[in-house]
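Architecture and fold: a report
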Amino acid sequence: MHSVEGARQHDVVIVGGGHNGLVTGCYLARAGLRVLVLEQRSWLGGMAASQPFVEGAPEHILSPGAWENVYFRAGGVGRDLELERYGHRDLDSAGWAWLGGAGESLVVQADLGKTIADIRRFSVKDANTYAELTEAAIKILEIQDQYGLSNPTRLSRGTIQAVLRAVAGGRRVRSLLASALTTTAADGIDGLFESDAVRGIFAGTGSILAPLTVDGSAIAVLAPSMIHHQGAVRPVGGMGGLVAALERCLLAHGGQVRLDSEVVAIRMGGRGGSVELTDGSVIRAGRAVIAACPAQRVPDLVGDGFPADIAARIRKAPANSTGLGTFTVNVALAGRLELPHHQPHRADGIDLRRPALYAGSLEDVVAAGEQSARGEVPDQAVFCLGILSAIDPSQAPAGQDVAQLYGPAPVDPVGGWDKWRDEAQRRLVEKVEQFTPEFSALTIGPFVETAQDIAVRTGAVNGCIYHIDNVPTRLGPMRPAAGTGGYRTPVDGLYLGSASVHPGGGVSGLPGRHCAEVVLKDLGYRSRKSAAR
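Residues numbered from 1 in each chain as written. Predicted model: local features only at pLDDT ≥ 70, side-chain atom pairs only at ≥ 80, totals over all residues. Heavy atoms only, no water.

- Under an unreviewed UniProt entry, the protein chain has the name Pyridine nucleotide-disulfide oxidoreductase domain-containing protein 2 and belongs to Mycobacterium pinniadriaticum.
- As recorded by UniProt, the Subunit (unreviewed entry) comment attached to the protein chain reads in full: "Interacts with COX5B; this interaction may contribute to localize PYROXD2 to the inner face of the inner mitochondrial membrane." (UniProt positions renumbered as here; feature names shortened; annotations may be inferred.)

Regarding the environment of Val 289
- Mapped onto the secondary structure, Val 289 falls in strand 10 (residues 282–291).
- For Val 289, a relative accessible area of 0% gives the class buried.
- A C-alpha to C-alpha distance of 8.6 Å links Val 289 and Asp 11, two positions 278 residues apart in sequence.
- Not counting the four nearest positions on each side in its chain, Val 289 is found in contact with Val 13, Val 15, Ile 266, Met 268, Gly 273, Ser 274, Val 275, Gly 493, Leu 494 and Tyr 495. (Helix = DSSP H or I, 4+ residues; strand = E, 2+ residues; numbered from the N terminus. Buried < 20%, exposed > 50% of the residue type's maximum accessible area, 1.4 Å probe, protein only. Contact = heavy atoms within 4.5 Å.)

Quick look at the pairing of strand 13 (residues 383–387)
- Among the five residues that make up strand 13, five are buried, leaving the element largely enclosed by the rest of the structure.
- Residues of strand 13 alternate between two faces, with Phe 383, Leu 385 and Ile 387 on one and Cys 384 and Gly 386 on the opposite face, all of them buried.
- Inspection of the sheet shows strand 12 (residues 356–359) paired to strand 13 by three bridges, in the antiparallel sense. Opposite Leu 357, over in strand 13, you have Leu 385 as the bridge partner.
- Pairing analysis gives four bridges linking strand 13 to strand 14 (residues 401–410), with the strands arranged antiparallel. Across the sheet, Ile 387 pairs through a bridge with Ala 403, a residue of strand 14. (Pairing = 2+ DSSP bridges.)

A few points about the pattern of salt bridges
- One pass over the structure, following the stated rule, counts 21 salt bridges.
- Of the charged contacts in the structure, one is a salt bridge between Asp 118 and Arg 346, with a shortest N-O distance of 3.2 Å. Taken as a pair, Asp 118 in helix 4 (residues 112–120) and Arg 346 in the loop between strand 11 (324–333) and strand 12 lie far apart in primary sequence, 228 residues in all.
- The exposure class assigned to Asp 118 is buried, which follows from its relative accessible area of 5%.
- Judged by its relative accessible area of 8%, Arg 346 falls in the buried class.
- For the salt bridge of Arg 199 with Asp 190, the shortest nitrogen-to-oxygen distance reads 2.9 Å.
- The exposure class assigned to Asp 190 is partly exposed, which follows from its relative accessible area of 44%.
- Each of the salt bridges in this network shares a partner with another, and the network as a whole consists of Asp 118, Arg 121, Arg 346 and Asp 348. (Salt bridge = Lys/Arg side-chain N within 4 Å of Asp/Glu carboxyl O.)

Printed below as a string of structure tokens:
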């Protein structure tokens, strides 16, 4: 016989302790509801977790998923929840840099003028194009900001105003907005820029969002403009520093967390519902259950209680659907990573250890994506390297580093990852050592993840870091699927509150906040502010 925790012990049970699940919990607990967050792992955070994952390096804090974001400050969740009171601090990033094979480097930094000057060293034409493009892109990013702050089922006044400003911004804005949703990033970058440096930084930053050869991926040409718009930040303590602040906020408002609690079933009925864990225990939710986990899992958790047609659409929501995923090598290091071939060539004093570092030409990035989609480990590795302790020394002992190295790779290579894991790691590390030669010599230990490993650790289908692909057919009310946008599900009392819903992936907390607002409205609260009071 299953044990059942007190029938009214919890008003709301949240399935998933990622940052969005915690954000949802904070808002609901602050409103006076009794909230329990269930997490299948022995730590919180999901894609935003930071832990000493390397055995023998307990003071090296690794962040195998997210480690930098461009959305959290703009979204306002931190201010809203007053997370500084709970220990949250973030630091400005140093931008994004491209490293060439002959010691050259290009840095995209917050200062637009300095960025344009750096581009001019490679191409005057590209510098002028970049300036014009950024002016147009920021107007489009303002639409993204306002839409992300609003419910996807209805345009807010701020979104409409941002659209009108963009449309009035001239031919370049209208052309960019149209092409971003219809053409490929590879074609867009190739048509705009001539220098390998500029093409390379756009390819590197853009490939994080989607494969460069997919229709609609041209929205990736907006990526470098984000650094000039809202900027990027890194939380102190890794992304897990933000997670820890959210946990403290939740607990301070009376919420609870239960780790090592994997949910196998959600049962809704009457007022609220219940969740069953792998150990057979059943936990009652008196008012609502929130699935803050990848949406594709929810129909199977709910079972026959979910309408069959909508369940089928959610299960089919694309996740790394092209076959392209990521391969990450997170390392604890016994010393400092240096860039001896590139740093001496910087005459402006920029420390190249601090930006996110990209290597690979546009052609290399496209080829790596195409090979990965065919199930092949790229023979010419391209990468992004983050030396995380260069900006936040608290993540490693004094004089030592932690870093994440990742590149495109197949979700499921031909022959399987047991065959290809070591070779993929060798190729990626061999490539990065062309730029930072002491990488292997300084490595205390690695924490390596394929897309399949990410799927096991986080539950994300195919290891998709956004839960669902960032494609035009999965935006707003179409995310995760038609008929499910807007956080409510067809099952009364069951809600979605993860990166699977609007506005999607990245560390913003907005899916969690919007979900909480909908729950509070359904429970009779007039607004988030009145609930806080």
